[in-house]
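# Examination of the molecular architecture
Spelled out from the first residue to the last, the chains are:
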Amino acid sequence: MAGGFVGGGEAIAGRAEQYEGKITGYFILACIVGSFGGSLFGYDLGVSSGVTAMDDFLIKFFPEVYARKSAHLHETDYCKYDNQVLTLFTSSLYFAGLVSTFAASHLTRRRGRRATIMVGAVSFFLGGAVNAAAANVAMLIAGRLLLGVGIGFGNQAVPLYLSEIAPYNIRGAVNQLFQLTTCLGILVADVINYFADKIHPWGWRLSLGLAMGPATAIFVGALFLPETPNSLVEMGRLEEARRVLEKVRGTRKVDAEFEDLREASEAARAVRGTFRSLLAARNRPQLIIGALGIPAFQQLSGMNSILFYSPVIFQSLGFGNSAALYSSIITGSMLVVGALVSMVVVDRLGRRFLFIEAGIQMISSMVVVAVILALKFGHGEELSKGVGTVLVVAICLFVVAYGWSWGPLGWLVPSELFPLEMRSAGQSVVVCVNLFWTAAVAQCFLAAMCHLRWGVFILFAALIVVMSIFVILLLPETKQVPIEEIWMLFDKHWYWKRIVRKDPKLLALVSAPQLKA
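The structure contained in this document is the topic of the report that follows. The structure displayed is predicted, hence computed values, not measured ones.

### Observations concerning the side chain of T182
Here T182 lies in helix α10 (residues 177-196). Within polar-contact distance, the side chain of T182 engages the backbone oxygen of F178 at 2.7 Å.

Okay, here's the thing in C-alpha coordinates:
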(Lines give C-alpha, C1' and ligand atoms only; values in the text may rest on other atoms or scores of the structure.)
Protein backbone atom coordinates (compact mmCIF):
# COMPACT_ATOMS: atom_id res chain seq x y z
CA MET A 1 0.00 0.00 0.00
CA ALA A 2 1.23 3.45 -0.79
CA GLY A 3 0.89 5.14 2.54
CA GLY A 4 -2.63 6.42 2.89
CA PHE A 5 -5.23 6.67 0.16
CA VAL A 6 -2.97 7.52 -2.74
CA GLY A 7 -0.51 5.37 -4.59
CA GLY A 8 -0.18 2.49 -7.00
CA GLY A 9 -2.92 -0.02 -7.49
CA GLU A 10 -0.61 -2.98 -7.00
CA ALA A 11 0.18 -1.82 -3.50
CA ILE A 12 -3.46 -1.19 -2.76
CA ALA A 13 -4.19 -4.80 -3.63
CA GLY A 14 -1.72 -5.70 -0.88
CA ARG A 15 1.87 -6.93 -1.06
CA ALA A 16 2.02 -8.35 2.45
CA GLU A 17 2.13 -11.96 1.26
CA GLN A 18 5.30 -11.11 -0.69
CA TYR A 19 7.23 -9.76 2.31
CA GLU A 20 10.25 -11.85 3.28
CA GLY A 21 12.68 -11.81 6.17
CA LYS A 22 13.62 -13.30 9.51
CA ILE A 23 14.41 -12.17 13.03
CA THR A 24 18.04 -11.03 12.99
CA GLY A 25 20.42 -10.05 15.76
CA TYR A 26 20.63 -6.58 14.26
CA PHE A 27 16.86 -6.23 14.50
CA ILE A 28 16.82 -7.44 18.12
CA LEU A 29 19.54 -4.96 19.09
CA ALA A 30 17.66 -2.10 17.44
CA CYS A 31 14.47 -3.05 19.29
CA ILE A 32 16.14 -3.33 22.69
CA VAL A 33 17.97 -0.02 22.48
CA GLY A 34 15.06 1.80 20.86
CA SER A 35 12.49 0.53 23.35
CA PHE A 36 14.51 1.75 26.31
CA GLY A 37 13.21 5.19 25.47
CA GLY A 38 10.18 4.06 27.47
CA SER A 39 12.28 3.74 30.59
CA LEU A 40 12.57 7.53 30.74
CA PHE A 41 8.80 7.90 30.92
CA GLY A 42 8.45 5.04 33.37
CA TYR A 43 11.21 6.12 35.70
CA ASP A 44 9.71 9.57 36.00
CA LEU A 45 6.22 8.21 36.69
CA GLY A 46 7.56 6.02 39.47
CA VAL A 47 10.06 8.38 41.03
CA SER A 48 7.76 11.41 41.22
CA SER A 49 5.05 9.41 42.97
CA GLY A 50 7.47 8.15 45.61
CA VAL A 51 9.29 11.41 46.20
CA THR A 52 6.08 13.33 46.89
CA ALA A 53 5.38 10.91 49.76
CA MET A 54 8.84 11.25 51.36
CA ASP A 55 8.85 13.24 54.60
CA ASP A 56 12.28 14.81 53.96
CA PHE A 57 11.11 16.10 50.57
CA LEU A 58 7.90 17.51 52.00
CA ILE A 59 9.64 19.16 54.96
CA LYS A 60 12.05 20.98 52.63
CA PHE A 61 9.67 22.09 49.89
CA PHE A 62 6.09 21.67 51.17
CA PRO A 63 6.10 22.01 54.98
CA GLU A 64 2.37 22.81 55.12
CA VAL A 65 1.58 19.48 53.41
CA TYR A 66 3.82 17.66 55.87
CA ALA A 67 2.05 19.36 58.79
CA ARG A 68 -1.37 18.36 57.46
CA LYS A 69 -0.17 14.82 56.77
CA SER A 70 1.04 14.52 60.37
CA ALA A 71 -2.10 15.98 61.96
CA HIS A 72 -4.23 12.82 61.65
CA LEU A 73 -7.44 14.85 61.68
CA HIS A 74 -10.69 13.32 60.45
CA GLU A 75 -11.21 15.94 57.79
CA THR A 76 -7.80 15.32 56.24
CA ASP A 77 -8.27 11.61 55.48
CA TYR A 78 -8.87 12.27 51.79
CA CYS A 79 -7.23 15.70 51.66
CA LYS A 80 -3.81 15.29 53.22
CA TYR A 81 -1.96 16.00 49.96
CA ASP A 82 -4.36 18.45 48.32
CA ASN A 83 -1.86 21.16 47.38
CA GLN A 84 -1.79 22.66 43.88
CA VAL A 85 1.92 23.53 43.99
CA LEU A 86 2.76 19.96 44.98
CA THR A 87 0.67 18.62 42.10
CA LEU A 88 2.31 21.18 39.79
CA PHE A 89 5.61 19.46 40.62
CA THR A 90 4.16 16.35 38.95
CA SER A 91 2.07 17.90 36.18
CA SER A 92 4.53 20.56 34.94
CA LEU A 93 6.55 17.85 33.21
CA TYR A 94 3.56 16.82 31.12
CA PHE A 95 2.62 20.36 30.16
CA ALA A 96 6.18 20.80 28.86
CA GLY A 97 5.97 17.48 27.05
CA LEU A 98 2.75 18.30 25.21
CA VAL A 99 4.27 21.54 23.86
CA SER A 100 7.64 20.04 22.96
CA THR A 101 6.14 17.18 20.98
CA PHE A 102 5.39 19.52 18.07
CA ALA A 103 9.06 20.47 17.85
CA ALA A 104 9.78 16.75 18.06
CA SER A 105 7.45 16.15 15.10
CA HIS A 106 9.51 18.49 12.92
CA LEU A 107 12.77 16.84 13.99
CA THR A 108 11.35 13.34 13.52
CA ARG A 109 10.24 14.15 9.99
CA ARG A 110 13.37 16.04 8.95
CA ARG A 111 16.15 14.24 10.81
CA GLY A 112 14.64 10.89 11.67
CA ARG A 113 13.37 8.95 14.68
CA ARG A 114 16.86 8.19 16.00
CA ALA A 115 17.90 11.85 16.27
CA THR A 116 14.70 12.68 18.13
CA ILE A 117 15.35 9.91 20.67
CA MET A 118 18.86 11.29 21.28
CA VAL A 119 17.65 14.87 21.81
CA GLY A 120 15.08 13.60 24.29
CA ALA A 121 17.75 11.71 26.22
CA VAL A 122 19.92 14.84 26.54
CA SER A 123 17.04 16.95 27.83
CA PHE A 124 16.02 14.24 30.30
CA PHE A 125 19.61 14.03 31.59
CA LEU A 126 19.71 17.79 32.22
CA GLY A 127 16.34 17.69 33.98
CA GLY A 128 17.50 14.94 36.30
CA ALA A 129 20.62 16.91 37.19
CA VAL A 130 18.66 20.10 37.99
CA ASN A 131 16.13 18.20 40.12
CA ALA A 132 18.84 16.42 42.09
CA ALA A 133 20.50 19.77 42.90
CA ALA A 134 17.23 21.63 43.60
CA ALA A 135 17.36 24.18 46.42
CA ASN A 136 13.84 25.56 46.00
CA VAL A 137 10.53 24.87 44.29
CA ALA A 138 11.52 26.98 41.26
CA MET A 139 14.48 24.68 40.57
CA LEU A 140 12.24 21.66 40.99
CA ILE A 141 9.81 23.01 38.38
CA ALA A 142 12.66 23.98 36.02
CA GLY A 143 14.04 20.46 36.21
CA ARG A 144 10.61 19.01 35.60
CA LEU A 145 10.20 21.16 32.49
CA LEU A 146 13.47 19.80 31.08
CA LEU A 147 12.34 16.28 31.88
CA GLY A 148 9.08 17.07 30.10
CA VAL A 149 10.89 18.08 26.93
CA GLY A 150 12.73 14.76 27.06
CA ILE A 151 9.46 12.87 27.51
CA GLY A 152 7.83 14.81 24.65
CA PHE A 153 10.65 13.90 22.26
CA GLY A 154 10.97 10.30 23.42
CA ASN A 155 7.27 9.48 23.38
CA GLN A 156 6.96 11.02 19.92
CA ALA A 157 9.75 8.99 18.36
CA VAL A 158 10.02 5.64 20.16
CA PRO A 159 6.58 4.14 19.31
CA LEU A 160 7.07 5.17 15.67
CA TYR A 161 10.56 3.67 15.63
CA LEU A 162 9.40 0.33 16.98
CA SER A 163 6.32 0.07 14.75
CA GLU A 164 8.32 0.89 11.62
CA ILE A 165 11.28 -1.38 12.19
CA ALA A 166 9.18 -4.43 13.13
CA PRO A 167 7.91 -7.10 10.70
CA TYR A 168 4.15 -6.63 10.38
CA ASN A 169 3.26 -10.03 11.86
CA ILE A 170 4.94 -9.27 15.23
CA ARG A 171 4.51 -5.49 15.21
CA GLY A 172 2.25 -5.58 18.25
CA ALA A 173 4.72 -7.42 20.46
CA VAL A 174 7.66 -5.30 19.28
CA ASN A 175 5.86 -2.00 19.82
CA GLN A 176 4.92 -3.11 23.31
CA LEU A 177 8.57 -3.17 24.27
CA PHE A 178 7.98 0.56 24.83
CA GLN A 179 5.33 -0.22 27.44
CA LEU A 180 7.45 -3.00 28.97
CA THR A 181 10.43 -0.70 29.50
CA THR A 182 8.05 1.98 30.79
CA CYS A 183 6.77 -0.49 33.37
CA LEU A 184 10.29 -1.62 34.24
CA GLY A 185 11.25 2.03 34.71
CA ILE A 186 8.32 2.46 37.12
CA LEU A 187 9.29 -0.66 39.06
CA VAL A 188 12.96 0.33 39.30
CA ALA A 189 11.94 3.80 40.50
CA ASP A 190 9.63 2.27 43.13
CA VAL A 191 12.43 0.09 44.47
CA ILE A 192 14.86 3.01 44.52
CA ASN A 193 12.29 5.16 46.34
CA TYR A 194 11.80 2.45 48.96
CA PHE A 195 15.48 2.42 49.87
CA ALA A 196 16.14 6.13 49.27
CA ASP A 197 13.41 6.98 51.79
CA LYS A 198 15.64 5.48 54.47
CA ILE A 199 18.52 7.84 53.61
CA HIS A 200 18.00 11.06 55.58
CA PRO A 201 17.77 13.87 54.68
CA TRP A 202 18.86 13.61 51.03
CA GLY A 203 17.44 10.31 49.80
CA TRP A 204 14.97 12.14 47.56
CA ARG A 205 17.92 13.73 45.70
CA LEU A 206 19.23 10.26 44.89
CA SER A 207 15.85 9.19 43.52
CA LEU A 208 15.56 12.25 41.28
CA GLY A 209 19.21 12.30 40.20
CA LEU A 210 19.32 8.68 39.10
CA ALA A 211 17.12 9.70 36.15
CA MET A 212 20.42 10.64 34.51
CA GLY A 213 21.32 6.93 34.32
CA PRO A 214 18.75 5.71 31.77
CA ALA A 215 19.12 8.97 29.84
CA THR A 216 22.85 8.33 29.43
CA ALA A 217 22.31 4.69 28.43
CA ILE A 218 19.73 5.63 25.79
CA PHE A 219 21.92 8.36 24.27
CA VAL A 220 24.94 6.06 24.01
CA GLY A 221 22.84 3.19 22.68
CA ALA A 222 21.21 5.45 20.09
CA LEU A 223 24.64 6.16 18.61
CA PHE A 224 24.61 2.57 17.35
CA LEU A 225 20.95 2.42 16.29
CA PRO A 226 20.00 2.21 12.61
CA GLU A 227 17.44 4.72 11.39
CA THR A 228 14.19 3.08 10.30
CA PRO A 229 13.89 2.31 6.57
CA ASN A 230 10.58 4.20 6.55
CA SER A 231 12.27 7.34 7.85
CA LEU A 232 15.21 7.05 5.46
CA VAL A 233 12.84 6.72 2.50
CA GLU A 234 10.87 9.69 3.80
CA MET A 235 14.12 11.73 3.82
CA GLY A 236 14.96 10.62 0.25
CA ARG A 237 17.89 8.35 1.21
CA LEU A 238 16.63 5.37 -0.79
CA GLU A 239 19.83 3.37 -1.20
CA GLU A 240 20.63 3.60 2.49
CA ALA A 241 17.03 2.68 3.31
CA ARG A 242 17.26 -0.49 1.23
CA ARG A 243 20.57 -1.48 2.84
CA VAL A 244 19.11 -1.04 6.34
CA LEU A 245 15.96 -2.95 5.38
CA GLU A 246 18.03 -5.85 4.02
CA LYS A 247 20.18 -5.90 7.16
CA VAL A 248 17.22 -5.71 9.55
CA ARG A 249 15.24 -8.38 7.66
CA GLY A 250 18.28 -10.61 7.06
CA THR A 251 17.62 -11.05 3.34
CA ARG A 252 18.15 -9.26 0.04
CA LYS A 253 14.63 -10.19 -1.08
CA VAL A 254 12.93 -7.05 0.19
CA ASP A 255 11.53 -5.76 -3.11
CA ALA A 256 7.86 -5.91 -2.09
CA GLU A 257 8.30 -4.22 1.27
CA PHE A 258 10.69 -1.62 -0.12
CA GLU A 259 8.27 -0.80 -2.93
CA ASP A 260 5.52 -0.18 -0.39
CA LEU A 261 7.84 2.18 1.49
CA ARG A 262 8.88 3.99 -1.68
CA GLU A 263 5.30 4.53 -2.84
CA ALA A 264 4.32 5.67 0.65
CA SER A 265 7.11 8.24 0.51
CA GLU A 266 5.91 9.51 -2.88
CA ALA A 267 2.44 9.93 -1.42
CA ALA A 268 3.89 11.74 1.58
CA ARG A 269 5.75 14.24 -0.61
CA ALA A 270 2.54 14.93 -2.52
CA VAL A 271 0.76 15.98 0.67
CA ARG A 272 0.77 19.66 1.67
CA GLY A 273 -0.23 20.90 5.09
CA THR A 274 0.25 17.64 6.98
CA PHE A 275 -1.52 18.70 10.18
CA ARG A 276 -4.41 20.11 8.11
CA SER A 277 -4.65 16.80 6.26
CA LEU A 278 -5.57 15.10 9.53
CA LEU A 279 -8.98 16.75 9.14
CA ALA A 280 -9.64 15.20 5.71
CA ALA A 281 -12.50 12.69 5.52
CA ARG A 282 -10.15 9.84 4.57
CA ASN A 283 -8.22 10.42 7.80
CA ARG A 284 -11.20 10.94 10.12
CA PRO A 285 -10.95 7.47 11.72
CA GLN A 286 -7.26 7.96 12.50
CA LEU A 287 -8.00 11.40 13.97
CA ILE A 288 -10.93 10.31 16.13
CA ILE A 289 -9.57 6.94 17.26
CA GLY A 290 -5.80 7.33 17.23
CA ALA A 291 -5.13 11.01 17.84
CA LEU A 292 -7.99 11.99 20.13
CA GLY A 293 -9.87 9.05 21.61
CA ILE A 294 -7.33 6.46 22.70
CA PRO A 295 -4.68 8.89 24.09
CA ALA A 296 -7.32 10.69 26.17
CA PHE A 297 -8.99 7.52 27.41
CA GLN A 298 -5.63 6.00 28.34
CA GLN A 299 -5.25 8.71 30.98
CA LEU A 300 -8.93 9.00 31.96
CA SER A 301 -8.88 5.34 32.97
CA GLY A 302 -7.47 6.47 36.31
CA MET A 303 -4.29 4.42 36.01
CA ASN A 304 -1.91 7.34 36.03
CA SER A 305 -3.59 8.67 39.15
CA ILE A 306 -2.50 5.45 40.83
CA LEU A 307 0.98 5.62 39.26
CA PHE A 308 1.49 9.26 40.24
CA TYR A 309 0.15 8.99 43.73
CA SER A 310 0.10 5.33 44.76
CA PRO A 311 2.28 5.95 47.86
CA VAL A 312 0.16 9.01 48.62
CA ILE A 313 -3.06 7.01 48.17
CA PHE A 314 -1.84 4.19 50.38
CA GLN A 315 -0.69 6.64 53.05
CA SER A 316 -4.04 8.40 52.88
CA LEU A 317 -5.67 5.00 53.38
CA GLY A 318 -3.75 4.50 56.61
CA PHE A 319 -0.64 2.64 55.44
CA GLY A 320 2.64 3.75 56.99
CA ASN A 321 5.32 5.52 54.95
CA SER A 322 7.43 2.44 54.22
CA ALA A 323 4.35 0.26 53.75
CA ALA A 324 3.00 2.71 51.20
CA LEU A 325 6.23 2.64 49.20
CA TYR A 326 6.31 -1.15 49.46
CA SER A 327 2.72 -1.34 48.18
CA SER A 328 3.70 0.78 45.17
CA ILE A 329 6.41 -1.78 44.38
CA ILE A 330 3.70 -4.44 44.30
CA THR A 331 1.56 -2.40 41.90
CA GLY A 332 4.63 -1.67 39.76
CA SER A 333 5.33 -5.40 39.56
CA MET A 334 1.75 -6.02 38.44
CA LEU A 335 2.25 -3.50 35.65
CA VAL A 336 5.32 -5.39 34.41
CA VAL A 337 3.38 -8.69 34.54
CA GLY A 338 0.58 -7.14 32.50
CA ALA A 339 3.02 -5.83 29.90
CA LEU A 340 4.63 -9.26 29.51
CA VAL A 341 1.24 -10.95 29.12
CA SER A 342 0.26 -8.40 26.49
CA MET A 343 3.44 -8.96 24.49
CA VAL A 344 2.72 -12.69 24.35
CA VAL A 345 -0.94 -12.53 23.35
CA VAL A 346 -1.49 -9.23 21.52
CA ASP A 347 -0.72 -10.62 18.05
CA ARG A 348 -2.78 -13.75 18.75
CA LEU A 349 -5.87 -12.53 20.59
CA GLY A 350 -5.84 -9.07 19.05
CA ARG A 351 -6.18 -5.50 20.28
CA ARG A 352 -9.97 -5.44 20.65
CA PHE A 353 -10.12 -8.53 22.87
CA LEU A 354 -7.57 -7.11 25.31
CA PHE A 355 -9.33 -3.75 25.45
CA ILE A 356 -12.72 -5.29 26.17
CA GLU A 357 -11.62 -7.94 28.68
CA ALA A 358 -9.50 -5.46 30.60
CA GLY A 359 -12.35 -2.96 30.62
CA ILE A 360 -14.57 -5.42 32.49
CA GLN A 361 -11.80 -6.21 34.99
CA MET A 362 -10.90 -2.55 35.57
CA ILE A 363 -14.54 -1.50 36.09
CA SER A 364 -15.04 -4.27 38.64
CA SER A 365 -11.88 -3.31 40.53
CA MET A 366 -12.78 0.37 40.74
CA VAL A 367 -16.26 -0.45 42.03
CA VAL A 368 -14.77 -2.70 44.75
CA VAL A 369 -12.37 0.07 45.83
CA ALA A 370 -15.16 2.65 45.91
CA VAL A 371 -17.52 0.44 47.94
CA ILE A 372 -14.85 -0.42 50.53
CA LEU A 373 -13.88 3.22 50.95
CA ALA A 374 -17.51 4.33 51.20
CA LEU A 375 -18.17 1.82 53.99
CA LYS A 376 -14.88 1.65 55.87
CA PHE A 377 -12.85 4.83 55.32
CA GLY A 378 -13.01 8.54 56.10
CA HIS A 379 -13.57 8.50 59.84
CA GLY A 380 -10.04 9.30 60.97
CA GLU A 381 -9.22 5.67 61.69
CA GLU A 382 -6.72 3.38 59.99
CA LEU A 383 -8.14 0.54 57.93
CA SER A 384 -7.91 -2.96 59.32
CA LYS A 385 -5.30 -5.31 57.89
CA GLY A 386 -7.93 -7.42 56.14
CA VAL A 387 -9.65 -4.45 54.50
CA GLY A 388 -6.30 -2.97 53.49
CA THR A 389 -5.32 -6.27 51.87
CA VAL A 390 -8.55 -6.36 49.84
CA LEU A 391 -7.88 -2.82 48.67
CA VAL A 392 -4.35 -3.66 47.55
CA VAL A 393 -5.60 -6.77 45.71
CA ALA A 394 -8.33 -4.77 43.95
CA ILE A 395 -5.84 -2.10 42.90
CA CYS A 396 -3.42 -4.79 41.68
CA LEU A 397 -6.15 -6.39 39.55
CA PHE A 398 -6.87 -2.98 38.08
CA VAL A 399 -3.19 -2.33 37.40
CA VAL A 400 -2.47 -5.70 35.77
CA ALA A 401 -5.51 -5.32 33.48
CA TYR A 402 -4.33 -1.86 32.46
CA GLY A 403 -0.87 -3.35 31.97
CA TRP A 404 -2.06 -5.69 29.22
CA SER A 405 -4.55 -3.32 27.63
CA TRP A 406 -4.74 0.47 27.72
CA GLY A 407 -1.13 0.86 28.83
CA PRO A 408 0.64 -0.77 25.86
CA LEU A 409 -2.22 -0.55 23.36
CA GLY A 410 -2.62 3.15 24.04
CA TRP A 411 0.74 3.60 22.29
CA LEU A 412 0.61 0.65 19.88
CA VAL A 413 -2.73 1.28 18.18
CA PRO A 414 -2.22 5.01 17.36
CA SER A 415 1.27 4.28 15.99
CA GLU A 416 -0.28 1.73 13.60
CA LEU A 417 -3.12 3.83 12.23
CA PHE A 418 -1.53 6.80 10.46
CA PRO A 419 -0.23 6.61 6.86
CA LEU A 420 3.41 7.57 6.37
CA GLU A 421 2.68 11.07 5.10
CA MET A 422 1.01 11.94 8.39
CA ARG A 423 2.67 9.54 10.79
CA SER A 424 4.96 12.09 12.41
CA ALA A 425 2.27 14.78 12.66
CA GLY A 426 -0.29 12.25 13.85
CA GLN A 427 2.03 10.94 16.54
CA SER A 428 2.61 14.51 17.73
CA VAL A 429 -1.12 14.97 18.22
CA VAL A 430 -1.24 11.60 20.00
CA VAL A 431 1.52 12.63 22.42
CA CYS A 432 0.05 16.11 22.88
CA VAL A 433 -3.41 14.78 23.74
CA ASN A 434 -1.92 12.07 25.93
CA LEU A 435 0.26 14.45 27.90
CA PHE A 436 -2.50 17.07 28.17
CA TRP A 437 -4.78 14.59 29.90
CA THR A 438 -1.83 13.20 31.88
CA ALA A 439 -1.11 16.69 33.18
CA ALA A 440 -4.79 17.42 33.82
CA VAL A 441 -5.26 14.21 35.80
CA ALA A 442 -2.02 14.79 37.72
CA GLN A 443 -3.06 18.34 38.58
CA CYS A 444 -6.66 17.55 39.52
CA PHE A 445 -6.65 14.07 41.05
CA LEU A 446 -5.72 14.97 44.63
CA ALA A 447 -8.27 17.80 44.66
CA ALA A 448 -10.87 15.44 43.17
CA MET A 449 -10.05 12.81 45.79
CA CYS A 450 -10.45 15.47 48.49
CA HIS A 451 -13.87 16.65 47.25
CA LEU A 452 -15.38 13.51 45.67
CA ARG A 453 -13.79 11.13 48.16
CA TRP A 454 -14.67 7.52 47.24
CA GLY A 455 -16.78 8.84 44.36
CA VAL A 456 -13.63 9.57 42.34
CA PHE A 457 -13.23 5.82 41.78
CA ILE A 458 -16.85 5.52 40.63
CA LEU A 459 -16.07 8.33 38.17
CA PHE A 460 -13.16 6.33 36.77
CA ALA A 461 -15.33 3.22 36.49
CA ALA A 462 -17.94 5.18 34.51
CA LEU A 463 -15.25 6.52 32.19
CA ILE A 464 -13.96 3.00 31.54
CA VAL A 465 -17.49 1.97 30.53
CA VAL A 466 -17.47 4.77 27.93
CA MET A 467 -13.97 3.76 26.77
CA SER A 468 -15.00 0.14 26.27
CA ILE A 469 -18.08 1.10 24.24
CA PHE A 470 -15.86 3.37 22.10
CA VAL A 471 -13.56 0.43 21.28
CA ILE A 472 -16.41 -2.00 20.59
CA LEU A 473 -18.13 0.33 18.14
CA LEU A 474 -15.29 2.16 16.37
CA LEU A 475 -11.97 0.28 16.49
CA PRO A 476 -11.31 -2.37 13.80
CA GLU A 477 -8.90 -5.20 14.58
CA THR A 478 -5.37 -4.37 13.37
CA LYS A 479 -3.48 -7.54 14.30
CA GLN A 480 -1.50 -9.19 11.49
CA VAL A 481 -2.14 -6.25 9.12
CA PRO A 482 0.94 -4.54 7.53
CA ILE A 483 1.29 -0.98 8.76
CA GLU A 484 1.06 0.46 5.23
CA GLU A 485 -2.25 -1.36 4.65
CA ILE A 486 -4.11 -0.44 7.85
CA TRP A 487 -6.26 2.12 5.99
CA MET A 488 -8.09 -0.70 4.18
CA LEU A 489 -9.77 -1.65 7.45
CA PHE A 490 -11.61 1.66 7.60
CA ASP A 491 -12.84 1.28 4.02
CA LYS A 492 -14.56 -1.95 5.15
CA HIS A 493 -15.69 -0.85 8.65
CA TRP A 494 -19.46 -0.69 9.20
CA TYR A 495 -19.31 2.97 10.28
CA TRP A 496 -16.09 4.51 8.98
CA LYS A 497 -16.69 3.45 5.37
CA ARG A 498 -19.57 5.93 5.20
CA ILE A 499 -17.14 8.75 5.98
CA VAL A 500 -13.90 7.80 4.24
CA ARG A 501 -15.63 7.02 0.94
CA LYS A 502 -16.82 10.62 0.74
CA ASP A 503 -13.23 11.79 0.32
CA PRO A 504 -12.54 12.79 -3.33
CA LYS A 505 -9.02 11.33 -3.27
CA LEU A 506 -10.35 7.98 -2.15
CA LEU A 507 -13.13 8.06 -4.75
CA ALA A 508 -10.54 8.71 -7.47
CA LEU A 509 -8.42 5.86 -6.16
CA VAL A 510 -11.27 3.36 -5.99
CA SER A 511 -12.24 4.12 -9.58
CA ALA A 512 -8.68 3.59 -10.84
CA PRO A 513 -8.55 1.01 -13.68
CA GLN A 514 -5.88 -1.10 -12.02
CA LEU A 515 -8.17 -1.87 -9.11
CA LYS A 516 -10.70 -3.45 -11.46
CA ALA A 517 -8.19 -5.91 -12.81
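### A short note on the environment of W411
As for its position among the elements, W411 is in helix α22 (residues 406-417). Of the residues examined, W411 reaches a relative accessible area of 3% and is grouped as buried. With 116 residues separating them along the chain, W411 and P295 place their C-alpha atoms 7.8 Å apart. In this view, W411 contacts F41, N155, P159, N175, F178, Q179, Q298, Q427, V430, V431 and N434; residues no more than four positions away in its chain are not counted.

### Considering a nonpolar patch on the surface
Taken together, the side chains of V122, F125, L126, F219, V220, L223 and F224 present a nonpolar region at the surface, about 610 Å² in accessible area. Of all the secondary structure elements, the ones that give two or more residues to the nonpolar patch are α7 (113-132) and α12 (212-222). Looking at which element gives the most residues to the nonpolar patch, the answer is α7, with 3 residues. Tracing the backbone through its elements, the reader meets L223 in the loop between α12 and α13 (229-234).

### Side note on the packing of aromatic side chains
If you walk through the whole model with that rule in mind, you get 15 aromatic pairs. Taking 6.3 Å as the distance between ring centres and 90° as the angle between the ring planes, the aromatic pair formed by F41 and W411 counts as edge-to-face. You can see F41 sitting in helix α3 (residues 37-51) and its partner W411 sitting in helix α22, a full 370 residues away along the chain. Each of the two residues, F41 as well as W411, counts as buried. On the basis of an interplanar angle of 70° and a centroid distance of 5.7 Å, the ring pair of F57 and W204 is categorised as edge-to-face. Taken as a pair, F57 in helix α4 (residues 55-61) and W204 in helix α11 (residues 203-209) lie far apart in primary sequence, 147 residues in all. Neither residue differs from the other here; F57 and W204 are each classed as buried. Members of the aromatic cluster, joined through ring pairs, are F57, F61, F62, F89 and W204. Above the face of the F61 ring, K60 is positioned so that its terminal group lies 5.7 Å from the ring centre.

### A short note on the nonpolar core
Counting residues in hydrophobic clusters, the biggest one holds 131 residues, and the most contacted among them are F57, I289, F355, M362, M366, F398 and W406. It is helix α23 (residues 420-452) that contributes the most residues to this core, 11 residues altogether. In this structure, F398 is in contact with S301, G302, M303, I306, M362, S365, M366 and I464, ignoring residues within four places of it in sequence.

The rules we used
- Residues numbered from 1 in each chain as written.
- Predicted model: local features only at pLDDT ≥ 70, side-chain atom pairs only at ≥ 80, totals over all residues.
- Heavy atoms only, no water.
- Helix = DSSP H or I, 4+ residues; strand = E, 2+ residues; numbered from the N terminus.
- Polar contact = N/O pair within 3.5 Å; in protein donor to acceptor, adjacent residues only side chain to side chain.
- Buried < 20%, exposed > 50% of the residue type's maximum accessible area, 1.4 Å probe, protein only.
- Contact = heavy atoms within 4.5 Å.
- Patch = residues over 30% accessible without salt bridge, like charges linked within 9 Å, V, L, I, M, F, W, Y side chains within 5 Å.
- Areas by Shrake-Rupley, 256 points an atom, 1.4 Å probe, with all protein chains shown as cover.
- Salt bridge = Lys/Arg side-chain N within 4 Å of Asp/Glu carboxyl O.
- Phe/Tyr/Trp six-rings, centres within 6.5 Å; stacked < 30°, edge-to-face > 60°.
- Lys NZ or Arg CZ within 6 Å of the ring centre and 35° of its normal.
- Core = buried A, V, L, I, M, F, W, Y, C linked by side-chain atoms within 4.5 Å.

Functional significance is not addressed by these values, which are geometric in nature.
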